[in-house]
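Residues per chain, in single letters:
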Amino acid sequence: MNAIHFFRKSTMKARSRVLSLRNASFLGFARSFNPFVFERKLCCKKKDFLLNFNQVTQSHHAYPFRFLCFQRVVNDTQKLHCLPSSSFVQSRAVSRPYDVSIEARVASTVRGLSTRGNDIDVTPLVVGGNVAVAEGENNVKKNGVSAKSEVEKEAWRLLKDAVVTYCGSPVGTVAANNPGDKQPLNYDQVFIRDFVPSALAFLLRGEGEIVENFLLHTLQLQSWEKTVDCYSPGQGLMPASFKVRTVPLEDNKFEEVLDPDFGESAIGRVAPVDSGLWWIILLRAYGKITGDYSLQERVDVQTGIRLILNLCLADGFDMFPSLLVTDGSCMIDRRMGIHGHPLEIQALFCSALRCSREILTANGSSKNLVSAINNRLSALSFHVREYYWVDMKKVNEIYRYKTEEYSMDATNKFNIYPEQISSWLMDWIPEKGGYLLGNLQPAHMDFRFFTLGNLWSIVSSLGTPKQNEAILNLIEAKWDDIAGQMPFKICYPALENEEWRIITGSDPKNTPWSYHNGGSWPTLLWQFTLACIKMGRLELAQKAVSLVEKRLSIDRWPEYYDTRRGKFIGKQSRLYQTWTIAGFLTSKMMVENPQMASLLYWEEDYELLDICVCALNKSGRKNCSRGAAKSQILV
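Small disclaimer: the values here were computed from a predicted structure and weren't measured.

### Side note on the overall build of the protein chain
Scanning the protein chain from N- to C-terminus turns up 19 helices and 23 strands. Considering only intrachain contacts with a sequence separation of at least 6, the fraction spanning at least 24 residues in the protein chain is 72%. When the accessible surface of the protein chain is totalled, it reaches about 26800 Å², and 52% of it is carbon and sulfur.

### Structural notes on the nonpolar core
Counting 158 residues, the largest nonpolar core has Trp-279, Ile-475, Phe-488 and Phe-528 as its most contacted members. Beyond its immediate sequence surroundings of up to four residues, Ile-475 is in contact with Phe-449, Leu-455, Ile-482, Phe-488 and Phe-528.

### Focus on unusual backbone geometry
The amide bond that connects Pro-487 to the next residue, Phe-488, takes the cis arrangement and shows omega of 0 degrees. Along the chain, Phe-488 falls in the loop between helix H13 (479-482) and strand E19 (491-492). Look at the link from Tyr-492 to Pro-493: it is a cis peptide, with omega at -5 degrees. Here Pro-493 is to be found in the loop between E19 and helix H14 (497-504). Positive phi, close to 60 degrees, is recorded for Asp-251, a residue that is not glycine. With respect to the element layout, Asp-251 can be found in the loop between strand E12 (241-248) and strand E13 (254-261). The exposure class of Asp-251 is exposed, given its relative accessible area of 62%. Despite not being glycine, Asn-497 shows a phi value in the positive range, around 55 degrees. Topologically, Asn-497 is positioned in helix H14. Exposure remark for Asn-497: the relative accessible area of 57% places this residue in the exposed category.

### Remarks on the pattern of salt bridges
When the charged atoms of two side chains with opposite charge come close together, those side chains can pair. Within this structure, the stated rule accounts for 21 salt bridges. Residue Asp-446 pairs with Arg-448 through a salt bridge whose shortest N-O separation is 2.6 Å. A single burial state applies to Asp-446 and to Arg-448, both of which are buried. Of the charged contacts, one joins Asp-555 and Arg-551 as a salt bridge, the two residues approaching to 3.3 Å between their closest N and O atoms. Like Asp-555, the residue Arg-551 is buried in the burial classification. A single salt-bridge network, built from bridges that share partners, covers Glu-469, Glu-476, Arg-537 and Glu-539.

### As for the packing of helix H6 (residues 299-312) against helix H8 (residues 364-387)
In contact at an axis separation of 12 Å, H6 and H8 are set at 45 degrees when each is read in the N-to-C sense. By the angle between their directions, the pair H6 and H8 is classed as oblique. Helix-helix and strand crossings are classified by hand; for H6 and H8 the assignment is left-handed. On H8, the residues that touch Arg-306, Leu-309, Asn-310 and Cys-312 of H6 are Ser-365, Ser-366, Leu-369, Ile-373 and Arg-376.

### A look at the packing of helix H4 (residues 274-290) against H6
Remark: H4 packs on H6, axes separated minimally by 10 Å, with the N-to-C direction vectors making an angle of 140 degrees. When the interaxial angle is binned, H4 and H6 end up oblique. The hand of the H4/H6 crossing is left-handed. On the side of H4, the interface is formed by Gly-276, Leu-277, Trp-279, Ile-280 and Leu-283, while H6 contributes Val-301, Ile-305, Ile-308 and Cys-312. Looking at the contact of H4 with H6, its residues break down into eight nonpolar, one polar and no charged.

### Looking at the side chain of Arg-354
By the secondary structure assignment, Arg-354 is in helix H7 (residues 343-359). At 4.3 Å, Asp-605 is the nearest oppositely charged side chain to Arg-354, a buried residue that forms no salt bridge. A polar side-chain atom of Arg-354 sits 3.3 Å from the main-chain carbonyl oxygen of Ser-460. Not counting residues within four places of it along the chain, the set of residues in contact with Arg-354 comprises Leu-377, Ser-460, Ser-461, Trp-602, Glu-603 and Asp-605.

### Comments concerning the environment of Val-390
Along the chain, Val-390 falls in strand E14 (residues 389-391). Judged by relative accessible area, which is 0%, Val-390 ranks as buried. Between the C-alpha atom of Val-390 and that of Tyr-435, which follows or precedes it by 45 residues, the distance is 5.5 Å. Contact partners of Val-390, with chain neighbours within four places excluded, come to Val-395, Ile-429, Gly-434, Tyr-435, Leu-437 and Phe-447.

### Observations regarding the pairing of strand E9 (residues 163-166)
Side chains Val-164 and Tyr-166 of E9 all project onto a buried face; the interleaved residues Val-163 and Thr-165 project onto a face where none is buried. Of the pairings in the sheet, the one linking E9 to strand E10 (residues 169-173) comprises four bridges and is antiparallel in character. In the strand pairing of E10, Tyr-166 is matched with Ser-169. The turn linking E9 back onto E10 is made up of two residues, and Cys-167 within it adopts a positive phi angle of 60 degrees.

Rules used in this analysis
- Residues numbered from 1 in each chain as written.
- Predicted model: local features only at pLDDT ≥ 70, side-chain atom pairs only at ≥ 80, totals over all residues.
- Heavy atoms only, no water.
- Helix = DSSP H or I, 4+ residues; strand = E, 2+ residues; numbered from the N terminus.
- Contact = heavy atoms within 4.5 Å.
- Areas by Shrake-Rupley, 256 points an atom, 1.4 Å probe, with all protein chains shown as cover.
- Core = buried A, V, L, I, M, F, W, Y, C linked by side-chain atoms within 4.5 Å.
- Buried < 20%, exposed > 50% of the residue type's maximum accessible area, 1.4 Å probe, protein only.
- Salt bridge = Lys/Arg side-chain N within 4 Å of Asp/Glu carboxyl O.
- Axes fitted to C-alpha atoms, helices over the stretch in contact; angles between N-to-C directions.
- Parallel < 35°, antiparallel > 145°, perpendicular 65-115°, else oblique.
- Left-handed = near helix turned anticlockwise from the far one by under 90°.
- Nonpolar A, V, L, I, M, F, W, Y, C, P; charged D, E, K, R; others polar.
- Lys, Arg positive; Asp, Glu negative; His and termini not counted.
- Polar contact = N/O pair within 3.5 Å; in protein donor to acceptor, adjacent residues only side chain to side chain.
- Pairing = 2+ DSSP bridges.

Below is the structure:
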């Protein structure tokens, strides 16, 4: 493995602002520290690496490691190649106008740096004793049978067309790539959330370079500056999206910069809570599928993980172990009454915590963090499994709740009024099967079925094995409502009439059975497929995949569908939506090779059940024995 070389000479400062680290405690240093320990200086070597404009400009040199923040300068006749730069701190819009050398004096040992560069290991992946073959352009499986339909071939072509490059290297995919769209808004940007199915499709195909670049560049963009009305959202926040912009310089030259959006430009100006969680989940998936764990062991990547965890695990006023968020801070990014403790965020939070526990390098500074992760996981699992679960038995229990209970042994701990139970729920919930509530707060239970949160609770084992099985049973029993003609409803049922006007603010895009208000989103297919494979229900996943395969290409790969059964293309749906395309491709590959899917989900963690859950009884807090904790998985 090559060692990292830090350059100690400098002749000029960088054009972009470089922020000093404001708190190094996450690296194991005291809060009071010498800022020059992290000093970086940039020097230009302008005459080197000049290329003719007509030459191939993609950067294929094998560097001993890949840092972040590539930059190129272009004029009419020449173009600069890009060299790596450091990723410890960054400016608001990342830019490097010239070939730069880095001086970074760091007090800790740098270990486990990636040596892969642009050289992707294309050897077959061995999973569970079987070989997963990355299919090439000849579209032939190992047994000689055609591996791709015409729909899949079109999907791969569209996915490749959506790739965004930065200084000649792929860094992500745009949200939608419809050439006929005259007002792309922010659909021409690379979203962290949206890129996950694209990343998995590339990884399962054996193409890891774009995912590696994406992970490192988004790490470079972590929040360090004030963004909205002079307010800082907190160190560690990942952007919702970024865009590659070309900025003019002097003498008819241009530079490329990465311009992130932390929500300050978004509709509603809401920061993305889920971006950092998806980033950690994708980082783990990259290591599992490629077998290259050196990326996640890098000191800058480890620092990024710690920043995200410090942001999510920070103490506050909230009494619940679930993560408190605002409306519009996740996939449902408009006002839909999901503020508080929405299930989607709790399931992603659980997954990110489990990923971090696997990825964090074992040392003295990580010991307390891992302990905090375990404690939070234990409490979060107990809380969601006990209080979010709804089936026929639980509905009847809520129906008979007493209210205004004041004591440590109260049954109705959150003072839920039975009148909150909607008539649709009593008629809708099947005898066999159940699901996890969309949200839980004092005096409020959101009984809507949120598909992403329930599916990801299965994937992350946030629910018990019996609960996970019951969720799929409910989806199968209510297939026409949740899947219909285009899987899957983002939530069920839709808000209508006065409820729609009050909760959504009369949102014209979130009319009943459209967009986030009961619309059908094909991108949820890959998460449903993953959940089905985990629970041994492959035939259910195949049913959904075959259903979407008949329509997506004909309908030009829409973002979402409208009506109760997903019959019509969404009224404002973007066409050629990238995560619709990537979700279909990822699902197809997982169905064809379920063993690869096993790398992407988590089984029940029985050791976690040994940790105290702190149940409440008449005598106050009491440590849960292993038997009491294990009984929770039998719900």
